[in-house]
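# Structural description and commentary
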Amino acid sequence: MEHLSLIRRHFFLAAALVVLVVMVVVGGLKVFGLRSGGGQPGGPPGAMAKGPGGPGGGPGRGGFGATQVSVAVVEPRAFNDTIEVLGVAKGRQSVTLTAAATQLVERVHFRDGQQVARGAVLVELRATEQGAGVAQAQARLVQAQRAYERYRTLGEQGWASKATIDQYEAAYRAAEADLRAAQAREADRVIRAPFAGVVGLSDVAPGALVNPGAPIVTLDDISAIRVDFQVPERYLAQLRQGQTILAKVDAYPGETITGRISQLDTRVDERTRAITARAEFPNPGGRLKPGMLIRVGISRGERQSLSAPEAAVSVQGDAAFVYVIRQSGDRAVAEQRPVVTGVRQQGLVEIRDGLQPGERIVADGLNKIQPGQPIQVGGRPAGQGARTPA
């Protein structure tokens, strides 16, 4: 049995050695055939050089195939020079209402988000003591008035001296002042709307204790929105009261809001070297809310410049480039060209240098393009016309 197992082991080793030798011989023949024939085994010399990627045909330099792309034509268009600054929206008038004294809430006369008129009663605080003080002051006033009128009549008849009449008149005037003070203390227990507007959200309810300075509810006049923003001093000559401006908000992408500069500050900030401008924007429907971030653009004039789609411009660090479509024989190839860019507006990039009007560039898909690579538009090479059969 041991001899049989040994024979089988030697047989397998011999078979593996034969297979290895055959593989080495076949590989050597293939390499020799490629070197001697220049192409496929047994083919004519130079056959490989004329295959795809070589100088005699194929897709072209670097071994890249033709890539289908869309094309844009470089054309001039109008660009606006704008000063872009940030501001925060405010109501035309805004206030946070508070109590003037510590007291319990007696009644609440508004609903959250309600439109209220100027002078409307919003909250009543408990005023039992103040009401009693008013009644007491009224009684004292009536008594002082009667005494003054009686002594004034006696003085006219010669029965009372001038000093006595003056004394009772002073008491009467003091009683009037006491009544007004009592009425003012009572009025402090009634919180009214100082102007027409919309009340915000509030947690105040009857029975709640409010303290002086504690917020009760906000009130905003949002028929128009005010925005205060700072503009560098060097642009001061380009600002004027009543100037039309445009703005955008993140809440409504793609929308542009038109307003005007209502007022310029009388001073330039010495620390920031900027002047504060106040703009007003109409707010139909109340879509703009106080506290929103507003991106304000102030136009500095219009100019004509070459343009390219944003997707056609690739930026690497401080450099920018495009792929210009260049004709190479009967093929169109992508030539990488650096450009100097300017502002970006409405999906287009201003091209200040590097392109000429009418040149064609690759509009998108730059990540699929390599310099010098053949390209196709709509399934056929861009710029390659129909070829006449020989």
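Residues numbered from 1 in each chain as written. Predicted model: local features only at pLDDT ≥ 70, side-chain atom pairs only at ≥ 80, totals over all residues. Heavy atoms only, no water.

Before going further, it helps to examine the overall build of the chain. Across its full length, the chain holds three helices and 21 strands. Counting every position in the chain, which comprises 390 residues, the buried fraction comes to 31%. (Helix = DSSP H or I, 4+ residues; strand = E, 2+ residues; numbered from the N terminus. Buried < 20%, exposed > 50% of the residue type's maximum accessible area, 1.4 Å probe, protein only.)

What follows covers the nonpolar core. In this structure, Phe229, Ile245, Phe281, Ile294, Val296 and Ile298 are the most contacted members of the largest nonpolar core, which totals 25 residues. Secondary-structure elements contributing two or more residues to this core are strand E3 (75–98), strand E10 (215–232), strand E11 (244–249), strand E12 (257–268), strand E13 (274–282) and strand E14 (293–309). Here the element with the most residues in this core is E10; it accounts for five residues. Excluding residues within four positions of it along the chain, Phe281 makes contact with Ala224, Ile225, Val227, Ile245, Ala247, Ile257, Thr258, Gly259 and Leu288. Of all hydrophobic cores here, the second largest spans 17 residues; its members include Val116, Phe195, Val199 and Val210. (Core = buried A, V, L, I, M, F, W, Y, C linked by side-chain atoms within 4.5 Å. Contact = heavy atoms within 4.5 Å.)

The next subject is the sheet that holds strand E7 (residues 190–192). With antiparallel pairing, four strands are arranged side by side in an open sheet as E7-E6-E4-E9. Every other strand in the sheet has two partners, leaving E7 and strand E9 (209–210) as the edge strands with one partner each. Bridge count between strand E6 (residues 121–125) and E7: three bridges; the pairing is antiparallel. Counterpart to Val123 in the pairing with E7 is Ile191. (Pairing = 2+ DSSP bridges.)

Two side chains that carry opposite charge are able to pair once their charged atoms sit near each other. Counted according to the given criterion, the structure contains 16 salt bridges. Between Glu176 and Arg173 there is a salt bridge, with the nearest N and O atoms lying 3.4 Å from each other. Of this pair, Glu176 and Arg173 both sit in helix H3 (residues 162–187), three residues apart, roughly one helical turn. Taking the shortest distance from any N to any O, the salt bridge between Arg326 and Glu335 comes out at 3.0 Å. We classify Glu335 as partly exposed; its relative accessible area is 26%. (Salt bridge = Lys/Arg side-chain N within 4 Å of Asp/Glu carboxyl O.)

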